[in-house]
Each structure stands twice: as structure tokens, then as C-alpha cells.
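Chain by chain, the residues run as shown.
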Amino acid sequence: MKDILEKVKEELDNIPMSYEMIKIIDENFIKDVIESDLEGDKLGALRVNKTLGFLSKYLKVLKECYSKSSECFYVIYPMMWSSEIEKIEKWIDDANAQVKKEMSKFRKECPNPSKEQQDLIDEQLKDFQGELDKAYAKIAEIENKQKNYDLFRAVNDELKNIIDLDGDNNMTEEADRIQRFFDKLFYDDGNILHPTEKSGTLAGMLFYSRLNKIYEEHEEYHDICLEKLLAQLDD
């Protein structure tokens, strides 16, 4: 167990962290967990569950930022997704116009359609609506990716204040290292993520300890700055 503890701690110590990173990845974590009013077993259970969930998200985001260049976040993907959305929206506009035109033609040629004809038209319109729904769902999917990359961009910017992303470090190797560490801590059981019995549980405890330390240092720094500001105002 001691060897596992030391290895997990070493891996966590190599993960860049800051108060700003914590807030970017989950703005509610500090308020909901570190500053929680719960006590006893309820507080312990909250910390274990929330911290492990936060750790898994933290590692996933970090890996994504390591595995992609800044250009991907700021230029390539935004342009690609914008172009894809424009194509889908154009298809929707053209399809609506074409259906409207065909329906107008049908009404003129057949002002009093039989039940069979109307049923056929209704079925075709239903199929068309299904295609529209797929198109709108695809747009929503792309917009969700864009939101995720807003997060990645924010984390990427903060990472530049902690490590040299554009230096000699091999970020691809770092991304692979993060993935290997993630695989030691979690396993997927039917699309539900669980911590491994030893490494995952230990990582959650150590990760919370480090999060709490960063929080306390930030609060202490904030208090010092506030005291200086108040002293200046008194002068």
C-alpha cells in the first residue's frame, strides 16, 4: 500500500494545478465541497464522491489540452465547426423552401385530395420532419462541442501561466502519461466510472488534500491583499 501511495502522490504532484484551474473546470466545487456546511459522515461521503468526479474531469480536460495545440482550440476547430453549422443551416433552409414549393404545387394541382393522397403527404411530411430533427440535433451536438472547447481554451490559457506549453516539453507524451494515470485510477463498468479499489481511493484523498491546500493558500493571499488595501485606505 505504501508503494501505491507514493506512486499516486508522485503522479499527482506532476499535475499542474492552480486556484484558477479549479474554478474554470468546476466553478461550484469549492463552494459545494470545500466550503460545505455538512459535517461527519455526510461531509466525508460528499468529499469522496465529488472529489473523485472532479478528479476524473480534471484529468480528462488536462489530457485534451496536452494532446491538442493552441491552434486547434482557437483556429482549426472553431472554423471547422462554424463551417459545418453553416452547411447544415443551408440544407435546412433549402429543404424547407423545396417542401414549401412542392406543397404549394400539390395544393394547386389537387385542391381536394383523397384520404389516401393526404395520408401519403402526411407520411412524407413526417419523414421530412424527422430529417429536420436530425439536422437540428447535429447542430446542438456541434454547439455542445463548442462549449466544451470554450472550457479547454480557458484551461489552456491558465496552463500557459503554469507550464511552458510551447516549449521543449513533449505534450503528446504528457497526454499519454495522463491517460495511463487515469486508467490506474478509474474503470468503466457499463458507462459508469468507478475508482479502482486502491489507487483510485488514495488518489481521491490526496487530490482533495492538495485542492484544500491550494484553497487555503489562495484565501490567505486574498486576506493579505485585503489587509494591505484596508491599510492604504486608512492612510
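Everything here concerns the structure above.
Keep in mind it's a predicted model, so treat the numbers as computed, not measured. Position numbers for residues count from 1 along each chain, tracking the sequence in the order it is written. Residues qualify for local features only when their pLDDT is at least 70, as the model is predicted, and side-chain atom pairs are given and counted only at 80 or more; totals for whole chains, interfaces and linings, by contrast, use all residues. For side-chain calculations, the full set of non-hydrogen atoms in the structure is used, while hydrogens and water are omitted.

## Topic: the packing of aromatic side chains
Link 1 in the chain: Centres within 6.5 Å are what make two rings of Phe, Tyr or Trp a pair, Trp counting through its six-membered ring; a difference in plane orientation under 30 degrees is then read as stacked, over 60 as edge-to-face, and the rest as tilted. Under the defined criterion, the tally for this structure stands at nine aromatic pairs.
Link 2 in the chain: With a centroid separation of 5.8 Å and an interplanar angle of 75°, the aromatic rings of Phe54 and Tyr58 are classed as edge-to-face. Separated by four residues within a single helix, Phe54 and Tyr58 lie in helix 4 (residues 40–67), roughly one turn from each other.
Link 3 in the chain: The class for Phe54 is buried, based on a relative accessible area of 3%.
Link 4 in the chain: Judged by centre distance (5.7 Å) and plane angle (70°), the rings of Tyr58 and Phe207 are edge-to-face. Taken together, the residues span a long stretch of sequence, with Tyr58 in helix 4 and Phe207 in helix 8 (residues 199–234) at a distance of 149 residues. Secondary structure follows DSSP: runs of H or I at least 4 residues long count as helices, runs of E at least 2 residues long count as strands, and numbering of each begins at the N terminus. Throughout this description, buried means an accessible area under 20% of the type-specific maximum (1.4 Å probe, protein chains only), exposed means over 50%, and partly exposed covers the range between.

## Side note on a nonpolar patch on the surface
Link 1 in the chain: Taken together, Tyr74, Val75, Ile76 and Met79 make up a surface patch of nonpolar side chains, about 370 Å² in accessible area.
Link 2 in the chain: Mapped onto the fold, Tyr74 is located in helix 5 (residues 70–109). Patch membership requires over 30% relative accessible area and the absence of a salt bridge. Like charges are linked within 9 Å, and nonpolar side chains (Val, Leu, Ile, Met, Phe, Trp, Tyr) within 5 Å. Note that accessible areas follow from Shrake-Rupley with a 1.4 Å probe, and for residues the cover is restricted to the protein chains shown. We count a salt bridge whenever a side-chain nitrogen from Lys or Arg sits within 4 Å of a carboxyl oxygen from Asp or Glu.

## Here's the deal with helix 1 (residues 2–13)
At 3.6 residues per turn, the α-helix brings residues three or four places apart onto the same side.
Link 1 in the chain: A helix is expected to span 1.5 Å for every residue after the first. Taking 1.5 Å per residue, 12 residues should reach 16 Å; helix 1 reaches 16 Å between its end C-alpha atoms and fits that length.
Link 2 in the chain: Listed in full, the buried residues belonging to helix 1 are Val8, Glu11 and Leu12. Each buried residue of helix 1 lies within a common arc of 100° when the element is viewed along its axis, so the set occupies one face. Facing away from the buried side of helix 1, by more than 90 degrees, are the exposed residues Lys2, Asp3 and Glu10. Each C-beta atom gives one direction from the helix axis, and the arc is the one those directions make.

## Section: a negative patch on the surface
Link 1 in the chain: Residues scored as charged are limited to Lys and Arg (positive) and Asp and Glu (negative), so that His and the chain ends carry no count. By convention, the charge on Lys lies at NZ, on Arg at CZ, on Asp at CG and on Glu at CD. Among the surface-exposed residues, Glu86, Glu89, Asp93 and Glu143 lie close enough to one another that they form a single negatively charged patch.
Link 2 in the chain: Looking at the negative patch element by element, the count peaks at three residues for helix 5.
Link 3 in the chain: Summarising the element assignment, Glu143 is placed in helix 6 (residues 115–159).
Link 4 in the chain: What makes Glu143 partly exposed here is its relative accessible area of 39%.

## Here we look at the environment of Thr201
Link 1 in the chain: By the element assignment, Thr201 lies in helix 8.
Link 2 in the chain: Residue Thr201 is classed as partly exposed on the basis of its relative accessible area of 38%.
Link 3 in the chain: The spatial distance from the C-alpha of Thr201 to the C-alpha of Ala137 is 38 Å, given a sequence separation of 64 residues.
Link 4 in the chain: When checking whether two residues touch, look at their non-hydrogen atoms; a contact exists if any pair is within 4.5 Å. Setting aside its immediate chain neighbours within four residues, Thr201 contacts Pro195 and Thr196.

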